[in-house]
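Structural features, examined
Listed below are the residues making up each chain.
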Amino acid sequence: MLKLSRRSNRLIHLSRCKGITRRIMQYIIQKDTELKEIYYLSPKELTQIYHIPEQKAVPLYHDLHNPVLIEQIKQDKTQCSIITILDQAYPFMLKTIKDPPLVLYTIGNNELLSCSPCISVIGTRRPTSEAKQKTNFIVKPLVEEGWVIISGMAKGIDTYAHKVALAQNGKTVAVLGSGFEHIYPKENEDLFTEICKSGIVLSEYPPNVVASRHHFPERNRLISGLTFGTLVIEATEKSGTLITVDQALDQGREVYALPGSPLVAQTKGCHRMIQEGAKLVIDAQCILEDWNDQGTHLASVWKG
């Protein structure tokens, strides 16, 4: 067996093996809490004990005994932090969601993952000409009050939100849908570098993983899950932003929406959300009052 001294190291290794999924990993953890026995099993035994299909059990077996993979993880640890759900540094907010990532890769200030208050700011990748001003109008007062701004470093609203926080020397967290070696969109590489210096960038994907379409709906659960609430600046009726909103609602988080002109497509999604129960936001004070009324209580409940 390869020598992996700590349970969290074995979890990191397991998460990188071929043929593994979060569902399978969770099942393995339930049956083998120390994650030691799995290293002694044959492919056939992996199938019998963990119900892993044979076509997945064979590559899993090989990676469990692959020294090259272990060395790659060691190299990654020199470039970024790796936090597992077993570690004290793991953000407590993510432990409250249905499908928490078992492993997180981070660059920057890990302490920001446990700071409050914080809010997710999201919206369309194709914003209106007013969107930057709208984002600044709502987000700047929150940053000045010490709020952490969380977003996905996508084009449009995400980028605006991060930049407002940075411009005010505030705190911001970027949640990526790729590994750190493959920044998406490429035009935000400078923004990525800037956030790494004064905020934190995180991903549940190892550094060498390229962005894939299915990664972005997955990462959205982290954007909403890390925060007390999610603020939508602009969204079309069929915007991908709605996936994050659905995740936030499912996680019991607050959802805020900024109204706008009924004549532009980028506000129709916000109007629909408000119709369906999202809180209409006219300024930052609306969010600050909500936090004062219930946010601190919710934070203490989530911390247990």
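Residues numbered from 1 in each chain as written. Predicted model: local features only at pLDDT ≥ 70, side-chain atom pairs only at ≥ 80, totals over all residues. Heavy atoms only, no water.

Considerations on the environment of His182
Within the secondary structure, His182 sits in the loop between strand S5 (171-175) and helix H8 (189-198). Considering only alpha carbons, one finds His182 and Asn208, 26 residues apart in sequence, at a separation of 7.0 Å. Sequence-distant contacts of His182, defined by excluding residues within four places in its chain, comprise Pro207, Asn208, Val209 and Val210. (Helix = DSSP H or I, 4+ residues; strand = E, 2+ residues; numbered from the N terminus. Contact = heavy atoms within 4.5 Å.)

Side note on the pairing of strand S2 (residues 103-108)
Sheet analysis places strand S1 (residues 81-84) next to S2, joined by 4 bridges and oriented antiparallel. Paired with Ser81 across the bridge in S2 is Thr106. Here S2 pairs with strand S6 (residues 200-203) via 4 bridges, running antiparallel. By the bridge assignment, Gly108 is partnered in S6 with Ile200. (Pairing = 2+ DSSP bridges.)

Examining the environment of Ile195
Looking at where Ile195 falls in the secondary structure, it is placed in helix H8. A sequence separation of 86 residues divides Ile195 from Asn109, and the C-alpha atoms of the two residues are 9.7 Å apart. When sequence neighbours within four positions are dropped, the list of residues in contact with Ile195 reads Met153, His162, Leu166, Thr172, Ala174, Ile200 and Val201.

Section: the layout of surface pockets
As a volume, the largest pocket reaches approximately 410 Å³. Lining the largest pocket are 20 residues, with Ser15, Ile20, Arg22, Glu204 and Tyr205 positioned closest to its centre. Only helix H2 (22-31), S2 and helix H9 (215-225) provide two or more residues apiece to the lining of the largest pocket. When its volume is computed, the second largest pocket comes out at roughly 290 Å³. Around the second largest pocket, the lining residues are Gly123, Thr124, Arg125, Arg126, Lys155, Tyr184, Pro185, Phe216, Thr236, Ser239, Gly240 and Thr241. (1 Å grid on protein atoms, 1.4 Å probe; cavity = no way out; pocket = protein on both sides within 12 Å on 5 of 7 lines; lining within 4 Å. Points joined across faces, edges and corners; volume = space filled by probe spheres on them.)

A few points about the pattern of salt bridges
One pass over the structure, following the stated rule, counts 16 salt bridges. Close ionic contact of Arg6 with Asp87 constitutes a salt bridge, the shortest N to O distance being 3.8 Å. In this pair, Arg6 is assigned in the segment before helix H1 (7-15) and Asp87 in the loop between S1 and S2, connecting sequence segments 81 residues apart. The partly exposed category is assigned to Arg6, whose relative accessible area is 45%. (Salt bridge = Lys/Arg side-chain N within 4 Å of Asp/Glu carboxyl O. Buried < 20%, exposed > 50% of the residue type's maximum accessible area, 1.4 Å probe, protein only.)

A short note on the packing of helix H3 (residues 43-50) against helix H4 (residues 54-64)
Between H3 and H4, whose axes approach to 8 Å, the crossing angle comes to 120°. What the angle tells us is that H3 and H4 run oblique. Here the hand of the crossing between H3 and H4 comes out right-handed. Along its contact with H3, which presents Pro43, Leu46 and Thr47, the element H4 presents Glu54, Ala57, Val58, Leu60, Tyr61 and Leu64. (Axes fitted to C-alpha atoms, helices over the stretch in contact; angles between N-to-C directions. Parallel < 35°, antiparallel > 145°, perpendicular 65-115°, else oblique. Left-handed = near helix turned anticlockwise from the far one by under 90°.)

Focus: the packing of aromatic side chains
Scanning the model with the defined rule gives 7 aromatic pairs in all. Ring centres of Phe180 and Phe192 lie 6.1 Å apart, and the angle between their planes is 35°; on these two criteria the pair is classed as tilted. One end of the pair, Phe180, is in the loop between S5 and H8; the other, Phe192, is in helix H8, and 12 residues separate them in sequence. Since its relative accessible area comes to 11%, Phe192 is described here as buried. An aromatic cluster is built from Trp147, Phe228, Tyr256 and Trp291, whose rings are joined through pairwise contacts. The ring of Phe216 carries Arg125 above its face, with NZ or CZ at 6.0 Å from the centroid. (Phe/Tyr/Trp six-rings, centres within 6.5 Å; stacked < 30°, edge-to-face > 60°. Lys NZ or Arg CZ within 6 Å of the ring centre and 35° of its normal.)

Quick notes on the UniProt feature "domain: Smf/DprA SLOG" (unreviewed entry) in the protein
The feature "domain: Smf/DprA SLOG" (unreviewed entry), as annotated in UniProt, sits at residues 82-291 in this numbering. Note that residues 82-291 is 34% helix and 18% strand, and that its end C-alpha atoms are spaced 31 Å apart. (UniProt positions renumbered as here; feature names shortened; annotations may be inferred.)

Remarks on the packing of H1 against helix H5 (residues 67-79)
Orientation of H1 relative to H5, taken along the N-to-C sense of each, is 110°, at an axis distance of 10 Å. As judged from the angle between their axes, H1 and H5 are roughly perpendicular. Considering the relative orientation of H1 and H5, their crossing is right-handed. Each of Asn9, Ile12 and His13 in H1 lies in contact with H5, whose residues at this interface are Leu69, Ile70, Ile73 and Lys77.

Quick word on the sheet that holds strand S7 (residues 229-232)
Strands sit in the order S1-S2-S6-S5-S4-S3-S7-S8-S9 across an open sheet of 9 strands; the sheet is mixed. Each having just a single partner strand, S1 and strand S9 (279-280) make up the two edges of the open sheet. Across 3 bridges, strand S3 (residues 118-122) lies against strand S4 (residues 148-151) in parallel orientation. Counterpart to Ile119 in the pairing with S4 is Ile149.

Structural notes on the state of the cysteines
Counted by the stated rule, this structure contains 0 disulfides. The structure places no disulfide on Cys118, whose sulfur is separated from the nearest cysteine sulfur, that of Cys115, by 8.2 Å. Classification of Cys118 by relative accessible area gives buried; the value is 6%. Of the cysteine sulfurs around Cys270, a residue in no disulfide, the closest is that of Cys286, at 14 Å. Since its relative accessible area comes to 0%, Cys270 is described here as buried. (Disulfide = S-S within 2.5 Å.)

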